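Breakdown of the fold
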Amino acid sequence: MSDQRDRVASGAVASAVQMVIGFFSVILFGRLAGNEVVGVYFFILSIVSTTDGLLNGVMTACKKRISEHGAPAEEILGLLLVVTVPGAIVFAIVISAVIVLFDLTEADVSILFLVTFVPFVVSTAGVRMIVGFGRVDTAQWIQTARTVLRVVVQLVLIVVGFGAVGLVAGHAVAMTLGSIAAFVFLGIVPQLPGLETIWSVGTFARYSVPGGVISRIDESADEMILGFMFASGVVGDYGVAVRLVAPALLISSVLQGSLGTRVSNLDSRDESVAPVIKKNLAFTAILSVPIFFGVLAIGDHIVVTAFGSEFSGASPFVVVLAASRVVKCFGSPMTSAVGGLDLPRQMVVINIISALTILVGAPAIAVVIGPLGVAVALLLSTVIRYVLTALVLVPRIGFRSLIPRQFGEQLLAGLVMFLCVTVADRILITDWTTVALTVGVGGIVYITTLLAVSPETRIAVVESSNNQFI
């Protein structure tokens, strides 16, 4: 158990480093290249991450089976490679051809998509298998190293003058090297799978494959829909808003990978999963709450200070996206827990309803209220996902575990912070230094208030320092 705690803690550090690097790189690229170029890059990534759904479902099935006690890891890894590598090549060619034939967007987009799709899929597969073994720290550090490499290559290409092409090419290079590193760290020689392994993975994949398609739509279609409906500058505004609130999911993303594997292993041993789910959900929103209240108070100042006045259109997106992140901090680990319980049929239903909310709701609401409608639809989808996963988990762990008391304490601390930051906004903010000072004061107020009202948080801080938490 201490091994698991150490891995989660290390993974959290890696994820934090990755987010910091990614955040400042977006600021840098936004200022160097502008929202049009950054918007094209985000649009390409949204198409890539949305259209790998079938292969994502195969990865999910292999990750589930490889995490189980006594699983034939070599054969599962062999099956994964046999399916994903040729599958990614075929998919890249077909989807690029569809973009060109139906004139869905500029011809350059299809070429850029073709360049980055295969490396993205293979790298994702390798990292997913590492998480399947419970080595969430290794997976996160590989992704962090990949991010550093990506930023360096992209920066060089941007300075040289390659624009969006440079951003995509840098991404492809980093993903290629990241995939090699992931499979090296696995340290397993793949074997051709036997019929029993194929059958075992296939019984899960028959649900996870369609579920993977739908979940990818649910996760990534927002920027893709914006790209098809509005100018790339709008996608740039939306993209920087997404990256600005990304730290809200820091704890949730690390716990999600670890929690699904842990639940799967416990369930395969017929042990209770309720305690581990309850303990993880208690603090999953500890960062998303202050980020939401912070951007609600001074989100417009933060956007302009960080990215420049050219990205002022991102301000409305930031507030709605921050709200969705608060809900997602619970919904994502809960979704991972449902998957770990070997309930693929329920996951398919949840993913279908959530994805339909995005596919139908985003364009419909956007037609009525403009680009902000996409963010509103995403928030609605996130709420629906939480409710549906709660309906699945309540009979197994109880309703109170899904809305822990610690969340109420975090909301109280966030509200106190909001009031202080709002007052500071009226009397203090004049330039970037005072914006930074106000953000710092808000963070101190939140932490101080939370420690004062939450004995569990105080205990968790002590346990974390002694490597006893999680």
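Further up the page is the structure itself.
Below: a short report on this structure. (Residues numbered from 1 in each chain as written. Predicted model: local features only at pLDDT ≥ 70, side-chain atom pairs only at ≥ 80, totals over all residues. Heavy atoms only, no water.)

**Considering the side chain of Arg385**
When you line up the elements, Arg385 lands in helix 14 (residues 372-397). For Arg385, the side chain forms a polar contact with the side chain of Asn351, separated by 2.6 Å. Ignoring anything within four residues of it in the chain, the contact list for Arg385 reads Asp218, Thr335, Met347, Ile350, Asn351 and Ser354. (Helix = DSSP H or I, 4+ residues; strand = E, 2+ residues; numbered from the N terminus. Polar contact = N/O pair within 3.5 Å; in protein donor to acceptor, adjacent residues only side chain to side chain. Contact = heavy atoms within 4.5 Å.)

**Considerations on the side chain of Lys64**
On the secondary structure map, Lys64 appears in helix 2 (residues 53-66). Leaving out residues up to four positions away in the same chain, Lys64 has contacts with Phe204, Ser264, Gly339, Gly340 and Asp342.

**With respect to the pattern of salt bridges**
Counted according to the given criterion, the structure contains 5 salt bridges. Its salt-bridge partner being Arg65, residue Glu68 comes within 2.9 Å of it at the nearest N-O pair. Between Glu409 and Arg405 there is a salt bridge; the shortest N-O distance is 2.7 Å. Remark: Arg405 and Glu409 occur in helix 15 (residues 405-427); sequence separation between them is 4 residues, near one turn of the helix. In the salt-bridge network here, residues are joined through shared partners; they are Lys64, Arg65 and Glu68. (Salt bridge = Lys/Arg side-chain N within 4 Å of Asp/Glu carboxyl O.)

**Re helix 2**
Because each turn of an α-helix spans 3.6 residues, side chains separated by three or four positions in sequence point in the same direction. Over its 14 residues, helix 2 runs 20 Å from end to end, which matches the ideal 20 Å to within 8%, given 1.5 Å per residue. Of all the 14 residues making up helix 2, 12 are buried; the element is thus mostly covered by neighbouring parts of the structure. Every buried residue of helix 2 is accounted for by Gly53, Leu55, Asn56, Gly57, Val58, Met59, Ala61, Cys62, Lys63, Lys64, Arg65 and Ile66. (Expected span 1.5 Å × (residues − 1). Buried < 20%, exposed > 50% of the residue type's maximum accessible area, 1.4 Å probe, protein only.)

**Observations concerning the nonpolar core**
Core analysis: the biggest nonpolar cluster contains 126 residues, and Tyr238, Ile277, Phe307 and Leu321 have the highest contact counts within it. Apart from the residues lying within four places of it in its own chain, the contact partners of Tyr238 are Asp222, Glu223, Leu226, Phe317, Leu321, Val374, Ala375 and Leu378. (Core = buried A, V, L, I, M, F, W, Y, C linked by side-chain atoms within 4.5 Å.)

**Quick notes on the packing of helix 13 (residues 344-369) against helix 14**
Packing of helix 13 against helix 14 brings their axes to within 7 Å, and their N-to-C directions diverge by 160°. Here helix 13 is positioned roughly antiparallel relative to helix 14, judged by the angle of their axes. The chirality of how helix 13 crosses helix 14 is right-handed. (Axes fitted to C-alpha atoms, helices over the stretch in contact; angles between N-to-C directions. Parallel < 35°, antiparallel > 145°, perpendicular 65-115°, else oblique. Left-handed = near helix turned anticlockwise from the far one by under 90°.)

**With respect to helix 15**
The end-to-end C-alpha distance of helix 15, which contains 23 residues, comes to 34 Å, matching closely the 33 Å that a straight helix rising 1.5 Å per residue would cover. Burial in helix 15 covers these residues: Gln406, Phe407, Glu409, Gln410, Ala413, Gly414, Met417, Val421 and Ala424.

**A word on the environment of Val168**
Relative to the helices and strands, Val168 resides in helix 6 (residues 163-186). Exposure remark for Val168: the relative accessible area of 1% places this residue in the buried category. Between the C-alpha atoms of Val168 and Val115, which are 53 residues apart in sequence, the distance is 7.9 Å. The residues contacting Val168, other than those within four sequence positions of it, are Tyr41, Ile44, Leu112 and Thr116.

**Focus: the packing of helix 11 (residues 288-307) against helix 15**
Between helix 11 and helix 15, the shortest axis-to-axis distance is 7 Å and the interhelical angle comes to 20°. The pairing of helix 11 with helix 15 is recorded here as roughly parallel in orientation. The chirality of how helix 11 crosses helix 15 is right-handed. Facing helix 11, whose interface residues are Val289, Pro290, Phe293, Gly294, Leu296, Ala297, Ile298 and His301, helix 15 presents Phe407, Gln410, Leu411, Gly414, Leu415, Met417, Phe418, Val421, Thr422 and Asp425. The residue makeup of the contact of helix 11 with helix 15, split by class, is 12 nonpolar, 5 polar and 1 charged. (Nonpolar A, V, L, I, M, F, W, Y, C, P; charged D, E, K, R; others polar.)

**Details of the packing of aromatic side chains**
Applying the stated criterion across every chain, the model contains 11 aromatic pairs. With a centroid separation of 6.1 Å and 80° between ring planes, the pair formed by Phe23 and Phe307 is classed as edge-to-face. Note that Phe23 is positioned in helix 1 (residues 2-51) and Phe307 in helix 11, a separation of 284 residues in sequence. Residue Phe23 is classed as buried on the basis of its relative accessible area of 16%. Assessed through its relative accessible area of 3%, Phe307 is described here as buried. Connected via pairs of aromatic rings, a cluster forms that spans Phe23, Phe24, Phe307 and Phe311. (Phe/Tyr/Trp six-rings, centres within 6.5 Å; stacked < 30°, edge-to-face > 60°.)

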